[in-house]
Amino acid sequence: MKMENPMRDYSAHPLYRTLHQFWHPVAYSSEVGESPMQVVLLDQAIALVRIDGKVAALADRCAHRGAALSKGAIVEGNFECPYHGWRYDVQGRCTRIPARNELVDVMKPAIQAFQVCESAGMVWVCLESAPKFGVPDFAEYDDPQYRLIQGPVYDWETSAPRRLENFVDFSHFAFVHDGSIGSRSRPEVDTVEPWREEGVLRFERPPIKEPSVGQKRKMLGIEGDEWIAVANSYRVMMPHTVHLRRTFENGKHYVLMMAASPVSATRTRSFWWIARDFGVEPENDAILLDFERVVLEQDKPVIESQQPKLAPMVGEEIRLELPVGGADAVTLAYRRWFIELIREYQARNQDQGAQAVAKVA
């Protein structure tokens, strides 16, 4: 197989286009303040800021000479361009042209404003006006019984679907994570049966034995060389967010929430949280973060080596991989749903295009 061209233009790729209709995380809520900042989603530069407590999101390009609004300031509740002082309200409408202010009502300049909201301690943006599904939720985020840790963001050179699939691929644990969350002596995986609930793909893994290593075992108060996670509940909130709630044999819980954001077709930024109801002392945070860091460092080079980087879901690309029944049950269910969403998106856009042509005719 030929190596993928890193300069390839994916802008017209069906999967890339379909991603525009979903909510995606672009920042932690704690990062967004009263000074504009730039984020990038699907190659779109966006200026984010908090005005009167609410987050606003505009295309990060002044209509005048293309300067980045994120380099400017907020003046009287408006974005002010750092180059010539043009101002825009949170809807993207120009409100001031200092050099010729009488031309504002004549020219009516405007830039695109995007749908934006906050949930689960993150800022989410949708590049289209009607998001396909609701914004992902995180029940433990507001539960006082849980200690929360905000994980440091990390970027991988892969597509967001690939990142999500890595999280829910169980048969790689024995080889990539031997001794941490898997064991080469037990490479077999039990088949799970995913099901859909609105915009969520759900599944349960049966009780799992894992190596009982490090400080996590002491925090849980579990003796022996192994522990058992008696319940492992997964919620994949389409398209790229996963919530894993693990219940251990002593009734304690460990929760991981990961939301992957497509910076581009082949670069993904991941936002994530840990929630736990054991060992809640702050000094234990670093232990758990270090444990997850090791797991991620094991995954990263393998996932970045996958070809093609954009998960193969359309046309002849589908033939590039050989899924295994049972072991790949989750990935197969995820891709089937994604393929349906791609086809639905294409059909809707074709219908809208035909209607537009009819109106012109």
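Rules used throughout
Residues numbered from 1 in each chain as written. Predicted model: local features only at pLDDT ≥ 70, side-chain atom pairs only at ≥ 80, totals over all residues. Heavy atoms only, no water. Helix = DSSP H or I, 4+ residues; strand = E, 2+ residues; numbered from the N terminus. Rg over C-alpha atoms; globule rule 2.2 N^0.38 Å. Buried < 20%, exposed > 50% of the residue type's maximum accessible area, 1.4 Å probe, protein only. Contact = heavy atoms within 4.5 Å. Areas by Shrake-Rupley, 256 points an atom, 1.4 Å probe, with all protein chains shown as cover. Phe/Tyr/Trp six-rings, centres within 6.5 Å; stacked < 30°, edge-to-face > 60°. Pairing = 2+ DSSP bridges. Salt bridge = Lys/Arg side-chain N within 4 Å of Asp/Glu carboxyl O.

Colleague: Got a sec to walk through the overall build of the chain? Specific residues and values, please.
Modeller: Across its full length, the chain carries seven helices and 18 strands. A globule of 361 residues ought to have a C-alpha radius of gyration of about 21 Å, and the chain, at 23 Å, matches this closely. Taken over the C-alpha atoms alone, the chain extends approximately 75 × 50 × 35 Å along its principal axes. The buried share among the 361 residues of the chain stands at 50%. Taking as baseline every contact in the chain between residues at least 6 positions apart, the subset at least 24 positions apart corresponds to 57%. Accessible surface, the chain: about 17,600 Å² in total, of which carbon and sulfur atoms supply 50%.

Colleague: Which residues make up the packing of aromatic side chains, and what values go with them?
Modeller: Each aromatic ring pair is specified by the distance between its two centres and by the angle formed by the two planes. Summed over the entire model, instances satisfying the criterion amount to 16 aromatic pairs. With centroids separated by 5.3 Å and ring planes inclined at 90°, the aromatic side chains of Tyr28 and Phe271 adopt a geometry described as edge-to-face. On the criterion of sequence distance, the pair formed by Tyr28 in strand S1 (residues 24-28) and Phe271 in strand S18 (residues 268-276) is long-range, its members being 243 residues apart. With a centroid separation of 4.7 Å and 15° between ring planes, the pair formed by Phe203 and Tyr234 is classed as stacked.

Colleague: Summarise the sheet that holds strand S5 (residues 73-75); cite the residues concerned and give the values.
Modeller: Strand order in the open sheet formed by four strands is S5-S6-S7-S8, with antiparallel pairing between adjacent strands. The sheet is open, and its two edges are formed by S5 and strand S8 (94-96), each paired on a single side. As defined by bridge partners, strand S7 (residues 87-88) adjoins S8 across two bridges and the pair is classed as antiparallel. When the sheet's bridge partners are listed, Tyr88 is paired in S8 with Cys94.

Colleague: Give me helix H3 (residues 160-167): which residues, what numbers.
Modeller: Summarising burial for H3: eight of the eight residues are buried, a large majority. The complete set of buried residues in H3 reads Ala160, Pro161, Arg162, Arg163, Leu164, Glu165, Asn166 and Phe167.

Colleague: Before we move on, could you go through the pairing of strand S3 (residues 44-51) and cite the residues and values that matter?
Modeller: Most of S3 is tucked away, with six of its eight residues classed as buried. Across six bridges, the pairing between S3 and strand S4 (residues 54-59) is antiparallel. Bridged to Ile46 within S4 is Ala59.

Colleague: Lay out the pairing of S18 with the relevant residues and their values.
Modeller: The buried fraction of S18 amounts to eight of the nine residues, a majority that puts the element mostly inside the structure. As defined by bridge partners, strand S17 (residues 253-262) adjoins S18 across nine bridges and the pair is classed as antiparallel. Note on S18: the bridge partner recorded for Ser261 is Arg269. Linking two consecutive strands that pair antiparallel, namely S17 and S18, is a turn of five residues.

Colleague: An account of the pattern of salt bridges is requested, with residue identities and associated values reported.
Modeller: Taken as a whole and judged by the stated rule, the model has 23 salt bridges. For Arg276, the salt bridge is made with Asp285, and the minimal N-O distance between the two is 2.9 Å. The residues Arg276 and Asp285 share a single accessibility class, namely buried. Where Glu304 meets Lys300, a salt bridge forms, and the shortest distance between an N and an O atom there is 3.2 Å. Of this pair, Glu304 and Lys300 are both found in helix H6 (residues 285-304), four residues apart, which corresponds to roughly one turn of the helix. Each of Asp155, Glu157, Arg267 and Arg269 takes part in a single network of salt bridges with overlapping partners.

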